[in-house]
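# Geometric and topological summary
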Amino acid sequence: MSDDDHHFESKADAGASKTFPQQAGTIRKNAYIVIKQRPCKVVEVSTSKTGKHGHAKCHFVGIDIFTGKKLEDIVPSSHNCDVPEVIRTDYQLIDISEDGFVSLLTDSGDTKDDLRLPSDDVLLSQIKSGFGEGKDLVVSVMSAMGEEQICALKDVGPKP
C-alpha cells in the first residue's frame with residue numbers, strides 16, 4: 001500500500017435509504033406506502049379475514065403523491081411493505097425562469113435551480129400571480145424516492 005491519499009467520488013447519501021420496510025397490517029390511512037414502485041399516500045385500507053389456508057390480506061388504495069394517480073395493491077398482513085421516506089422542505093421563491101424552472105433559496109443561503117413549476121393548474125396560477133405581484137412566497141417541496149415536486153405555497157407577505 002502506498003501513502004497516497006485515496007479520494008472516493010460518491011453521489012450516494014450517507015446510508016439513507018429511499019424506503020424502509022413496515023409490516024402491512026400496521027399501515028393505516030394517511031400513511032405513505034410504495035405501490036407499483038411509486039410513492040403513494042394511503043386513502044383507504046381494508047383487511048380481509050384469513051381464509052381456509054393462508055393469511056389475512058390488506059387491500060391498499062393509494063394516490064401517487066407526484067402524479068395524483070390512484071393505485072391499488074393487496075398484500076398479506078404479515079408481510080412487509082416498502083414505505084417511502086417522504087420529506088417536506090420549505091424554500092423561499094427567488095425567481096421563475098421562462099422555461100418553467102424555479103429558483104429557490106435554501107436555509108443555508110444557496111440556490112436550488114433544478115425544480116420545475118408544478119403541473120397542478122391551481123397551484124401554478126397561485127405561484128405565478130403571487131410572484132407577479134411581488135409577494136414574498138415560500139413553497140413547500142415534497143421529496144421521496146429520488147423525486148421532488150412543489151406541493152404547496154405560503155404567502156409570507158409583500159417583499160420589503
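In this convention, every chain numbers its residues from 1, walking through the sequence in written order. Owing to the predicted nature of the model, reporting of local features is limited to residues with pLDDT of at least 70; listing and counting of side-chain atom pairs is limited to 80 or more, with chain, interface and lining totals taken over all residues. The basis for every side-chain value is the complete set of non-hydrogen atoms in the structure, without hydrogens or water.

Quick look at the environment of Ile27 now. Strands are runs of DSSP state E lasting at least 2 residues, helices are runs of H or I lasting at least 4, and numbering of each runs from the N terminus. Structurally, Ile27 can be placed in the loop between strand 1 (19-23) and strand 2 (32-35). Excluding anything up to four places from it in sequence, Ile27 contacts Gln22, Ile33, Val42, Val45, Phe60, Cys81 and Val83. Contact criterion: two residues are considered in contact whenever any of their non-hydrogen atoms come within 4.5 Å of each other.

A few words now on the nonpolar core. In this text, buried Ala, Val, Leu, Ile, Met, Phe, Trp, Tyr and Cys residues form a nonpolar core when linked through side-chain atoms within 4.5 Å. Here the term buried applies to any residue with accessible area under 20% of the maximum for its type, exposed to any over 50%, and partly exposed to those in between, with areas from a 1.4 Å probe on protein chains only. Judged by nonpolar contacts, the single largest core of 13 residues is most densely connected at Leu93, Val102, Leu104, Ile127, Val139, Val141 and Ile150. Of all the elements in the fold, those that place two or more residues in this core are strand 7 (87-96), strand 8 (101-105), helix 1 (121-132) and strand 10 (135-144). Once residues within four sequence positions are removed from consideration, Leu104 is found in contact with Tyr91, Gln92, Leu93, Ile94, Asp110, Thr111, Lys112, Asp113, Leu115, Val139 and Val141.

In this section: the pairing of strand 7. Residues in a regular strand project their side chains so that they alternate between the two faces of the sheet. Pairing between strands is defined by DSSP: at least two bridges between them are needed. One ladder, built from six bridges, connects strand 7 with strand 10; its direction is antiparallel. Among the inter-strand pairings, Tyr91 is bridged to a residue of strand 10, identified as Val139. Sheet analysis places strand 7 next to strand 8, joined by four bridges and oriented antiparallel. Looking across to strand 8, one finds that Ile96 is bridged to Val102. Two successive antiparallel strands, strand 7 and strand 8, enclose a turn made up of four residues, where Gly100 displays a positive phi of approximately 90 degrees.

It is worth spelling out helix 1 at this point. Any helix carries an expected span of 1.5 Å times its number of residues minus one. Between its first and last C-alpha, helix 1 extends 16 Å over 12 residues, near the 16 Å set by a 1.5 Å rise per residue. Residues Leu123, Ile127 and Gly130 constitute the buried set of helix 1. Each buried residue of helix 1 sits inside an arc of 75 degrees when the element is viewed along its axis, so together they form one side. Relative to its buried face, helix 1 has exposed residues pointing more than 90 degrees away, namely Asp121, Val122 and Gly132. Following helix 1 by one or two positions, Gly134 adopts a phi angle in the positive range, close to 80 degrees. By construction, the arc corresponds to the directions joining the helix axis to the C-beta atoms.

Here we come to the side chain of Ser143. Positionally, Ser143 belongs in strand 10. Sequence-distant contacts of Ser143, defined by excluding residues within four places in its chain, comprise Phe66, Glu85, Val86, Ile87 and Glu148.

What follows is about unusual backbone geometry. In this model, Asn30 sits at a positive phi of 70 degrees, which is unusual for a non-glycine residue. Along the chain, Asn30 falls in the loop between strand 1 and strand 2. Residue Asn30 is classed as exposed on the basis of its relative accessible area of 51%. Unusually for a residue other than glycine, Lys36 sits at a positive phi of about 50 degrees. For Lys36, the position within the fold is in the loop between strand 2 and strand 3 (38-48).

The next point concerns the pairing of strand 4 (residues 57-64). Note that strand 3 and strand 4 share eight bridges and pair antiparallel. Opposite Ser46, over in strand 4, you have His59 as the bridge partner. Sheet analysis places strand 4 next to strand 5 (residues 70-76), joined by seven bridges and oriented antiparallel. By the bridge assignment for strand 5, Val61 is matched with Glu72. Here strand 4 folds back onto strand 5, and the loop between the two strands holds five residues, one of which, Gly68, carries a positive phi near 80 degrees.

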